[in-house]
Each structure stands twice: as structure tokens, then as C-alpha cells.
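Each chain, written out:
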Amino acid sequence: MSVSTPTDIAEVKERNRALIQEVLSVYPEKTAKRRAKHLNVHEEGKSDCGVKSNIKSIPGVMTIRGCAYAGSKGVVWGPIKDMIHISHGPVGCGQYSWAARRNYYIGTTGIDTFVTMQFTSDFQEKDIVFGGDKKLAKLIDEIQELFPLNKGISVQSECPIGLIGDDIEAVSKAKSKEYGGKTIVPVRCEGFRGVSQSLGHHIANDAIRDWVFDKNEGKELAFEPSPYDVAIIGDYNIGGDAWSSRILLEEMGLRVIAQWSGDGTIAELEATPKAKLNVLHCYRSMNYISRHMEEKYGVPWVEYNFFGPSKIEESLRKIASYFDEKIQAGAEAVIAKYKALTDAVIAKYKPRLEGKKVMLYVGGLRPRHVIGAYEDLGMEVVGTGYEFGHNDDYQRTAQHYVKDGTLIYDDVTGYEFEKFVEKVQPDLVGSGIKEKYVFQKMGVPFRQMHSWDYSGPYHGYDGFAIFARDMDMAINSPVWKFTPTPWKQEGEFLAIAAE
Amino acid sequence: MPQDVEKVKDHFELFRGEEYTTMLANKREQFENTHPAAEIERVTQWAKTEEYKDLNFKREALTINPAKACQPLGAVFVAVGFEGTIPFVHGSQGCVAYYRSHFSRHFKEPTSCVSSSMTEDAAVFGGLNNMIDGLANTYSMYKPKMIAVSTTCMAEVIGDDLNAFIKTAKEKGSVPEEFDVPFAHTPAFVGSHITGYDNAMKGVLEHFWDGKAKTVDKLVRVPNGKINFLGGFDGYTVGNTREVKRIFDLMKVEYTILGDNSDVWDTPTDGEFRMYDGGTTLEDAANAVHAKATISMQEYCTEKTLPFIAAHGQETVAFNHPIGIEATDKFVMEVARLAGVTIPDALAKERGRLVDAIADSNAHIHGKKFAIYGDPDLCYGLAQFVMELGGEPVVVLSTNGGKAWEKKMQALFDSSPFGVGCKAYPGKDLWHMRSLLFTEKPDFLIGNTYGKFLERDTGVPLIRIGFPIFDRHHKHRYPLWGYQGALNTLVTILDRIFEHMDATTNVASKTDYSYDIIR
């Protein structure tokens, strides 16, 4: 494969533009026209990345996206640990998403917590024909009997529910009444709604507003409020991310009254409107409820980024700016406390990673949020894109994160991603399980950036050390030098071997 | 500060440090509004009782931790087993993301599959345009030799007609008229992934044998001496298919593997990504109509496919995921009979080595009680082998097993003194199994990765055999079939038994008199 390694930015841009034209040439004309709007080379100074987003995926192209159910059950609701989340419909959706997202939590599973379990109504043909409302009602009774310590139930709709006209709201209301006002939340997150996971997040956020907040108005807090109460919003505690974030907030003097939704409980959700500030990590999946709490309860919210020391430092100061001098001093103390650790991490790993190029393709906040962590290690992100981002994500990306000439790909197809990586030849690709083995076969080091490749946490200072270690072990593994078959190499290899 | 740059602590150790345990205890105490510890303990103990089991078995509407997936997964499994074939699932796109992830987590391999990405408008107007555009895009981008279409429940609920849609798409020029687009309706609310395997396999054969949806003449069978082989939905397809091919080659049998995904799910890392690799050629799939006979390794995966093949004049034979001496004997002898070949001494020697290994080791298994769960055929094969080893199955559970399977299992238990008292549980899930493990108290559990939750809760050691296996690597590369496969299965069972022995005898000066160096 002949690959040019462009050195100046003009060459990079030119190569990337040519690359986009090259991948578009494979499509039928109509498709090429549609896909062209999702691919771009970033121009410095522009307010967004110059791509269209949050638009329907094109049939047959191998989109990497998921569905609204995945956004609601898999992301927002699933981690709430003391509730039972019913995958309502056929067996598959719940099965494939069962315990797959590594939302860590503490509790006795099956007794007072239920995250890594798969509850389903396992629809059969008769449920499709006659409707599933009676089954749902009965199923809720069975949950109450077998899992008496559950603190609430959510009904996560799969595709058929909305198509056959079931009234899950009526069932939920009736059952809630029967069980003394128990929280039972119907969620209309059928997989065909919207264009990706994203609408599922929104629907799930709205369900919290309508079926948790509204129901609890006027209810007393179980604890004394303090002036330093904050809630962590949009951290799913993958590999313990929310914990390695919480510890920093507490160390600077804040009190974390709720985690949304990793290791979270219904009591924490209910208490959140009483927070003094909502700190929002995954803007994409939980900006809706943050805005709602601001409008209705007057709780301000602030976005933060806990990947890598530069962004952590910036974020701690930004969060502290909402509070008094005590907290601001606390933030400085936290930054100082961890300085030795981050210096040591950078001293150890930067020499091994400096100058390495990374291509990302992830969801939520990560296509931009992790860029700073790579840069702290001397690495460069040369391509990035969102599975289900909106224009406000691309604005944030353009204004705060990516460099001039970065290749941008929205809702990338399997074909495009493969070609981009083949030509750009990054030292590392960060994406998901479906992509992992494609690139490893090509001899390109890879880390899963949804599940942290079963490692983590990556958030916070403790997480940064793990992040650095993992990127190093991916890129500098001895295995990659063995991918070419030695006797199949042309002159170059033999010449080296002969030296 | 718990983190240490010299020995970076990740989630395994980090959160066990005092800073984190204190922080999380405070979170629990102040904000979680949790139940009192005594109440949690009371319910934990209650959930182990006969009373709880009775309540649990009274469930009619709720399914908890089922050991089955949905039909389209099986259809994707079939499609990737044909040369240059891409599975195309008509319906919502999230489903395809799930199938691809599920297979990749098991095989640690890429799984290529496309969706017609139907959304709300398609729910109202039908998915015809999605089919037309989708086939055209897939054909242009991924240059397949065949596109195998199946459906998600969304397309099934709104009643999309694949035959008509594909025909229209061809008329609109999405793919050439003569391009092969077999299809199968695979509603997720009927059966399970094994039903999907059956429907999709039948769909492919029907396409090639019965006139490609009325576009060409039906094939006229001209019998030859070949044997067709159907593996069924099998997590060990990579190792098993290769082992079966080796056995057939040893026996000098002429054969066609229908749906051979042993290469596409085991491609090399050599700098090139192979979207397609190996697989049954389309020519072989068509010519398979002329075979003398078809063997299915999994009866319940081929309930429609085998009668379809039989109706074309072939003899058909079904096994139940044969594992062990007797089951492999039967398999090998049937193959010899059907193909008219003699069994080579090499296989007799392999058999003797397996018997030798079992004779060496069976004392560690004899009399041990086993609970087994999985797909219906796998359950049968495993239960038969366990009894052959002198083990006693006490609970055999299959979420996607039915009444016929239950009867068949009972006949198997009745055939051996080691099966006395064993019961088959069709249609039950792993929450039922949890109750059974508490009340029936088997020594070991055999099942897939999800069994680790049962191991944690009940203390019954898990022997990982099944699908999916997410948390151990490369097991799918080792066959369970053939004498060699039975040997692998024996070693898998033995290893866990020995590990358990060591783990329960290793307390110095208390139990370590039994911590033997020779076992």
C-alpha cells in the first residue's frame, strides 16, 4: 500500500478531501450525495465541523448506530440499580444488551439491585395479535411478589409495542395506584423511533421528568440540604467512571447527592432538583433533563470533562466558580494533590506515545471529550466522528477540541471507516466492539472506547493513569510487528533481515 | 491516594482502597435510601427456599434471564456461512448493531451485516423503499456474491412481504435480475435463534433448489453419492466444522457443508481485513440438491429444513449435538452407512484414545451431580456425555426447548442408571435455574457465560460450555464433536473440577492435607 505521510497542514487537508471523494465514488449517486454532507475536513475558525448530523441512516450501508431502545434502556434507565427495567417485547433486545455496558454498581443483585439482569415480557405471536397489556399487568404483579425490595419499575418499549397499539401508560398508572403510588415508568423508546440512540435518550429524559419528578413534587428530602450539593449527570459509571469522578468533587468540598445514572438509585433521581448545581458530563444524553431542571427548579448546570489532567483542571475550576472561595480553594488543593501523579504518568507514558496519531469514532461525548487526554500524552487526534451527535456536538467539537484539517465523519459507514483508516494509517483507532476486530486484522492497534475494552475507569485523575497505561499497551504491544508474514514481504523486509 | 504509576490500579483494585470504600459507604448511607441490611439478608435467604422456588415456578408472564436469543440472530449466523454473502436484515437498524456486537463478543471476530434502517415513516408506509435503496447500496459498496435477507420484528408486525419487495427492488435495478437474494421471514416473537437458523437455511436452499423465487426452473435432482452436512446454530462452529471436515476427509466421504462459517469467524491478523472468507460456494449450495443424504447435527435447529430436504428425495438423519463415545460412534457409523465407506482405523484409534482418557479420569466425575442448560440439542449431547462419564445430571433446562424435547430428554434419562431422578425443564429461564440450584444442590453447573451470575449467587461452580461465551477466549476454536471434541469436552469438565478441588483445599494447616500434588 502506498501511503503518503503528509507533513504540512495543506497537504493533510488535500489528502483528506481526496479521501472523501474516493469513498463517495463507490456509492450510487443518490447515496453519494447524501453521504457527502456527513463527511468533511475541519477548517480552523469555523463554528462547527461542517457536517450534517442527526439524520436518518441510509439503508444497506452498514451504519454503526443503534436504536432508541438502546438509548433508553441501555444508556439512561438501565443503570438505575434499585429499579427493575422490563424489556417489553420480544426476547432479543434485552438479551443482546444484557449486562453488556459495564455500568458498575454496588448491591445484592436479584435482591435489592437488578442492573445485570434481563427482565423481559418475551413476546410471543399471541401477544402481537391480542396485545401485551394484560401480560404486562401480570408481569408487574409477579415482579412485586418475587422481588419485594425493588424500588420501582420501568417499561422499556421494543418496536412492536408502538405498532400494535398497546397502552402501557394506562397499565403503569393502574399498577402504580394498586401498589400504593409505586414508581412505574412507561417509556416509549421503540427502536424505530428517531434515527439513532439519541432520541431514546431524549425520550428517557422526558420520562424521568413526567413520571419521577412530577410525581414527587412537594416530597420532603431524606437529608438536610447543604450549600455544596451537586449531582453528577450523564456519567454511566462504566468501569467505575462516576466513582473516580465523585471522589474529586467530594475532595474539593462538594457533596454529591446523586449519580445519573451509573450506580444511581431512584432516591437520588428524586433528590436532584434540590441540588445547587448539576454537573453534566455526557451532554448528548442528558442535556434535556438538565435544561428542564434549570427551567423548572432553577438548578444551573455546567458541562465538564474529566478525561486527562488538562481538562480535569479546567473543569474543576469551572465547577468551583459556581461556589464560594472555600470550594475554589478546594479545587486548587485537589489539582495540587494530584499533580505529582499526573506528572509521573506523563513522564512514564509520553515518551512512548508522543506523536502517535489517533482516529476516533464513538458516541455521546467521547468523540471530543477524550481528545484532551490524548494530547496530554503528546498524541494527536487526526479523525473523529459521532455515531449519534447533533449539530451542538459538532459546534463544541469545532470550537474547543479538534485541530485544523481533522477528518470528520458523521454516522460513518463500515466501508468509509475502513477506507479512511487504511489511507490515513493512524497508530491507534478508538471505537466499538463491531469495529475492533476489523482494524486489528488490518494490523492497527485498537481500543474500545465505549466499554474501555473491559478496563477503566478512565475518568478523573485515577482514571487517567489507566487510560495512559491502556493506550500504551495497545500501541506498543509486541504483537503488531508480527502482522506481516515475513516470507511474503518484498525487498524491504529481506534487506533489513540481511543487515 | 490509591493510584500508583508504577503499578497502575484499574477497577479490579482501585475501588477496594479505603478512599473509595468509605466514599461509597457514605453514598449508600446518605443518599440511596436503601433497605436495612437485615431486610436484605432476610430476602436473600428467603430467595433460596422451596417456598420461593414454588412462587418462582408459578410465573406466567415474566421471563428473567432467559437462555435464548431471537430469530434474526440465527439468520445472520446462516448467511455468513455462504461464500461472499452479506446478511441484510430488513427492519429497525438497532437490531443489527446488537447481532454484530453479540457475535463479535463471542468469536472475537468482526461480523458484517447490514440493515435496511427502517424508521417511523417506514412503520407507516412499509419498508419497500428501504429495501430498494438498501439492496442497491449494499451491492455497490460491499460487492457481495449474495445478499441473504431476513427480518426484524418491526418488519414482521407491519407485514412487509420480502418476496414481493425483493422482486420490486430487482425491477428497479437495485441488484441485477440474476443476482442471488434468498430470504426468510424471521419474526423475533416466534421461537428463538435456532428457529431463525432453520428458517434462513431453508430459505437459502429453497432459493437455489426451487427456482429462485420463480425466476428460473426448479432444479431436477440427479442423485449422486455426496453427503450434505448441517451444523445448526453452534457457538463452536469454527472448531466443530473443521473437525467434521477432517473426519469426512479421513473417511473419504464426499460432502458439502451447508453454511460453513468456520473461516469467516476465524480470519488471520496479517494486515488485511477479510469481510468475506471461505463459506459454502453458491454452486455447492445449489448442487447440494443432488446429494444422497443430509445430516443435521442439531434436530431442533432444522425442524423445517430437514423435511424440506427430505421432500426433495434425500435421506435425512438428525442428531442432537452428539458429544462423547456413543454419540460419536453413532454419527461416524451413520456417515459410513450413508456414504458407503468403511471407517478408517485412524478413527478407531482416536476412539480408543478417548476411551483411554475417560478410563484415566472418570473417577473424578463419577457420581458428581450436574445441572445443565443451553439450546435443546446441546443439552441432549452434554447430558448424554455426562452420563457416559458416570456423572449424574439432575437438572437439564432449555429456555427454547419444547414438549417434544422434554420427552426426548426423559427417554435419555430413562436409558441409564445415571439419569435416575433427573428432570428436563423446557421453556424455563435462568431465574428458575437459580431456584433449582439452591434446592437440588448439584455439584457443578454447565452453561454459557451468563451462568457466572448463578455461580456467584449459589456457589455452584460453572463449567463454561454453550453460547455465548464472552468472558473466556478462544473456546470456539476447539471442537466438541468427534472423538477429539469429546476429549476437549472431557478436559474442560475435568479442569473445572480440579480447580474447584484445589480452591477448596488450599487453606494451610486446615484443609491442605487434601491439596494433593497428584490427582
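Small disclaimer: the values here were computed from a predicted structure and weren't measured.

1. Description of the overall build of chain A
In terms of helices and strands, chain A carries 21 helices and 14 strands. Its C-alpha atoms give chain A a radius of gyration of 24 Å, near enough to 23 Å, the size a compact globule of 499 residues would have. Taken along the three principal axes of its C-alpha coordinates, chain A extends 80 × 60 × 40 Å. A buried classification covers 66% of the 499 residues belonging to chain A. For chain A, long-range pairs separated by at least 24 residues make up 72% of all intrachain contacts whose partners lie at least 6 apart in sequence.

2. So, the pattern of salt bridges
Any two side chains of opposite charge can pair, on the condition that their charged atoms come close. If you walk through the whole model with that rule in mind, you get 77 salt bridges over all chains. The closest approach of N and O atoms between Asp-471 of chain B and Lys-452 of chain B, which form a salt bridge, is 2.8 Å. Within this pair, whereas Asp-471 of chain B is found in the loop between strand 13 (462-464) and helix 22 (482-503), its partner Lys-452 of chain B is found in helix 21 (residues 451-458), the two being separated by 19 residues in sequence. Here Asp-471 of chain B falls in the partly exposed class, since its relative accessible area comes to 21%. Using a relative accessible area of 33% as the deciding quantity, one classes Lys-452 of chain B as partly exposed. Here Asp-502 of chain B and Arg-519 of chain B are joined by a salt bridge, their closest N and O atoms 2.5 Å apart. Taken together, the residues Asp-502 of chain B in helix 22 and Arg-519 of chain B in the segment after helix 22 connect sequence positions 17 residues apart. A relative accessible area of 28% places Asp-502 of chain B in the partly exposed class. Classification of Arg-519 of chain B as partly exposed rests on a relative accessible area of 34%. Because the salt bridges share partners, they merge into one network encompassing Lys-81, Asp-112, Asp-263 and Glu-268 of chain A together with Lys-27, Arg-28 and Glu-32 of chain B.

3. Brief notes about helix 9 (residues 197-213) of chain A
Residue and element names in this part refer to chain A. The end-to-end C-alpha separation of helix 9 is 23 Å, in line with the 24 Å expected for 17 residues at 1.5 Å each. Turning to helix 9, its buried residues number three or more, namely Gln-197, Ser-198, Gly-200, His-201, Ile-203, Ala-204, Asn-205, Ala-207, Ile-208, Trp-211, Val-212 and Phe-213. In the core, the buried residues of helix 9 are packed alongside helix 3 (68-77), helix 8 (168-178), strand 5 (184-187), strand 7 (255-261), helix 11 (266-271) and helix 12 (283-297). Taking the backbone nitrogen of Ser-198 as reference, a side-chain oxygen 3.0 Å away marks Ser-196 as the first, capping residue of helix 9.

4. A word on the nonpolar core
Judged by nonpolar contacts, the single largest core of 248 residues is most densely connected at Trp-77, Phe-147 and Tyr-374 of chain A. In contact with Phe-147 of chain A, not counting residues within four places along its chain, are Ile-84, Gly-110, Phe-114, Met-117 and Phe-119 of chain A together with Tyr-52, Leu-62, Ile-64 and Trp-431 of chain B.

5. Thoughts on the pairing of strand 2 (residues 85-90) of chain B
Residue and element names in this part refer to chain B. Where burial is concerned, most of strand 2 is hidden: six out of the six residues are buried. Relative to strand 4 (residues 146-151), strand 2 runs parallel, the two sharing six bridges. Bridge assignment links His-90 to a residue of strand 4, and that residue is Thr-151. Alignment of strand 2 against strand 3 (residues 114-115), held across two bridges, turns out to be parallel.

6. Observations concerning the sheet that holds strand 9 (residues 301-303) of chain A
All names here are of chain A. The sheet built from four strands is open, its strands ordered 7-6-8-9 with parallel pairing. Edge positions in the sheet fall to strand 7 and strand 9, since each has one partner strand and no second. Shown here is a sheet whose adjacent strand axes are inclined to one another by a mean of 25°, direction ignored.

7. Structural notes on the packing of aromatic side chains
A full pass over the atoms with the stated rule returns 52 aromatic pairs over all chains. Look at Phe-114 of chain A and Phe-119 of chain A: their rings are 6.3 Å apart centre to centre, the planes differ by 75°, and that puts the pair in the edge-to-face class. With a centroid separation of 4.8 Å and 90° between ring planes, the pair formed by Trp-46 of chain B and Tyr-52 of chain B is classed as edge-to-face. Using a relative accessible area of 17% as the deciding quantity, one classes Trp-46 of chain B as buried.

8. Here we look at the confidence of the model for chain A
With 97% of its residues at a pLDDT of 70 or more, chain A shows a mean pLDDT of 96. Low pLDDT (under 50) marks residues 493-499 of chain A, which in the prediction has two contacts with non-local residues, meaning those over four places away or in another chain.

9. Describing the interface of chain A and chain B
Facing the 118 residues of chain A at the interface are 105 residues of chain B. Summed over both sides, the interface of chain A with chain B buries roughly 9,300 Å², with 64% coming from carbon and sulfur. Of all residues in chain A, Met-62, Tyr-96 and Lys-441 of chain A give up the largest surface area on contact with chain B, accounting jointly for 10% of the area buried on that side. Taken together, the connections running from chain A to chain B amount to ten salt bridges. Among the salt bridges present, the one from Glu-60 of chain B reaches Lys-138 of chain A, with a minimum N-O distance of 2.1 Å. Run the count over chain A and chain B and you get 43 residue pairs in polar contact (both at pLDDT 80 or more).

Cut-offs applied
Residues numbered from 1 in each chain as written. Chains lettered and ligands numbered in written order. Predicted model: local features only at pLDDT ≥ 70, side-chain atom pairs only at ≥ 80, totals over all residues. Heavy atoms only, no water. Helix = DSSP H or I, 4+ residues; strand = E, 2+ residues; numbered from the N terminus. Rg over C-alpha atoms; globule rule 2.2 N^0.38 Å. Buried < 20%, exposed > 50% of the residue type's maximum accessible area, 1.4 Å probe, protein only. Contact = heavy atoms within 4.5 Å. Salt bridge = Lys/Arg side-chain N within 4 Å of Asp/Glu carboxyl O. Expected span 1.5 Å × (residues − 1). Polar contact = N/O pair within 3.5 Å; in protein donor to acceptor, adjacent residues only side chain to side chain. Core = buried A, V, L, I, M, F, W, Y, C linked by side-chain atoms within 4.5 Å. Pairing = 2+ DSSP bridges. Axes fitted to C-alpha atoms, helices over the stretch in contact; angles between N-to-C directions. Phe/Tyr/Trp six-rings, centres within 6.5 Å; stacked < 30°, edge-to-face > 60°. pLDDT = per-residue confidence, 0-100. Buried area = accessible area lost by both parts, 1.4 Å probe.

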